[in-house]
Amino acid sequence: MTGLTDVHCHLLPHVDDGSKSLEETMEMLKLEYENGVRTIIATPHYRRGMFETPQEEIIRQFHRVKECMHRQNLQMELYLGCELHICTEMVSLLKEKKVSSMADSRYVLTEFPYYIHQESMQKSLYELIRFGYAPILAHVERYECVQKDLDFLEDLVSMGARIQVNAGSIMGESGRAAKRFCKKLMRADLLDFIGTDGHGSKYRKPLMGACAAYVEKKEGSAYARRIFWENPRKLLENK
Ligand SMILES: [Fe+2]
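Fair warning: this is a prediction, and the values are worked out from it, not measured in the lab. (Residues numbered from 1 in each chain as written. Predicted model: local features only at pLDDT ≥ 70, side-chain atom pairs only at ≥ 80, totals over all residues. Heavy atoms only, no water.)

Comments concerning helix α1 (residues 22–34)
Working step 1: Its 13 residues place the ends of α1 18 Å apart at the C-alpha level, agreeing with the 18 Å of an ideal helix rising 1.5 Å per residue.
Working step 2: Those residues of α1 that fall on the buried side of the exposure criterion are L22, E24, T25, M26, M28, L29, L31 and E32.
Working step 3: Packing partners of the buried residues in α1 comprise β1 (4–9), β2 (37–42) and α2 (55–71).
Working step 4: Looking one or two places after α1, you find G36, whose phi comes out positive at around 90 degrees. (Helix = DSSP H or I, 4+ residues; strand = E, 2+ residues; numbered from the N terminus. Expected span 1.5 Å × (residues − 1). Buried < 20%, exposed > 50% of the residue type's maximum accessible area, 1.4 Å probe, protein only. Contact = heavy atoms within 4.5 Å.)

In structure tokens, the structure reads:
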């Protein structure tokens, strides 16, 4: 499949624990291209006390990468987003544009501590929805409170949360339990996005192609089209 969109990738250099140089970023972009990806939303971490790169610096790196893509004639679209670790100031951070929503839409990629309780997760997601945002729960397969209770996840989805899993987890790179869980999500139609969560060109690489082929084979092309193409389109069009 080509024309894929990666909605979760740490490819901006020097802003979080992702790419360590512009060269590595370009390697990652080439990997994405070879994997059939043509649209990427760069999602650097924002996490209090850990990743707090000022937004001006993130924007500066974003433009630096875009210029380099242009110079190298890389035919891909790059947008800016953020992987926002939930905190009490999240709404004001978004409103004051200290962190980016996804490609300037109302979608926001959110991350939680791994052992968060259901009540806190629901409360934070609802807080974003209440203020008009459409939260995407990043790599949902990592949270214990969701793994053990799919009804809870259904409640989050009915409330308006969107669900993302990592391509590697679908392919079994995070273990058999995570792979089984991802399959369950697909069968229950509780999944909206698949992203790479790529962090580098050597380790945690952005590999989408094999996953897209696998999902198409297992779940059918209509399903794959919705997950890899239609849902990301809706996001980019802010629908
Ligand atoms: Fe991430």
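Re the sheet that holds β1
Working step 1: Across the sheet, which stays open at both edges, the three strands sit in the order β1-β2-β4 with parallel pairing between neighbours. This sheet does not close on itself; its edge strands, each paired only once, are β1 and β4 (77–80). On average, each strand axis in the sheet is tilted by 20 degrees relative to the strand beside it, whichever way the strands run.
Working step 2: For β1 and β2, the ladder comprises four bridges, and the chain directions are parallel. Its bridge partner lying in β2, T5 is registered against T39.
Working step 3: Packed onto the sheet, α1 meets β1 and β2 and runs at close to 135 degrees relative to β2. (Pairing = 2+ DSSP bridges. Axes fitted to C-alpha atoms, helices over the stretch in contact; angles between N-to-C directions.)

What to know about the packing of helix α8 (residues 176–187) against helix α9 (residues 209–219)
When two helices pack together, their arrangement is given by the angle between the helix axes and by the axis-to-axis distance.
Working step 1: Two elements in contact, α8 and α9, have axes whose closest approach is 12 Å; the angle formed by their N-to-C orientations is 55 degrees. If you check the angle between α8 and α9, you find them oblique. Here the hand of the crossing between α8 and α9 comes out right-handed. Here α8 contributes K179, M186 and R187 to the contact with α9, which in turn contributes Y214, V215, K218 and E219. (Parallel < 35°, antiparallel > 145°, perpendicular 65-115°, else oblique. Left-handed = near helix turned anticlockwise from the far one by under 90°.)

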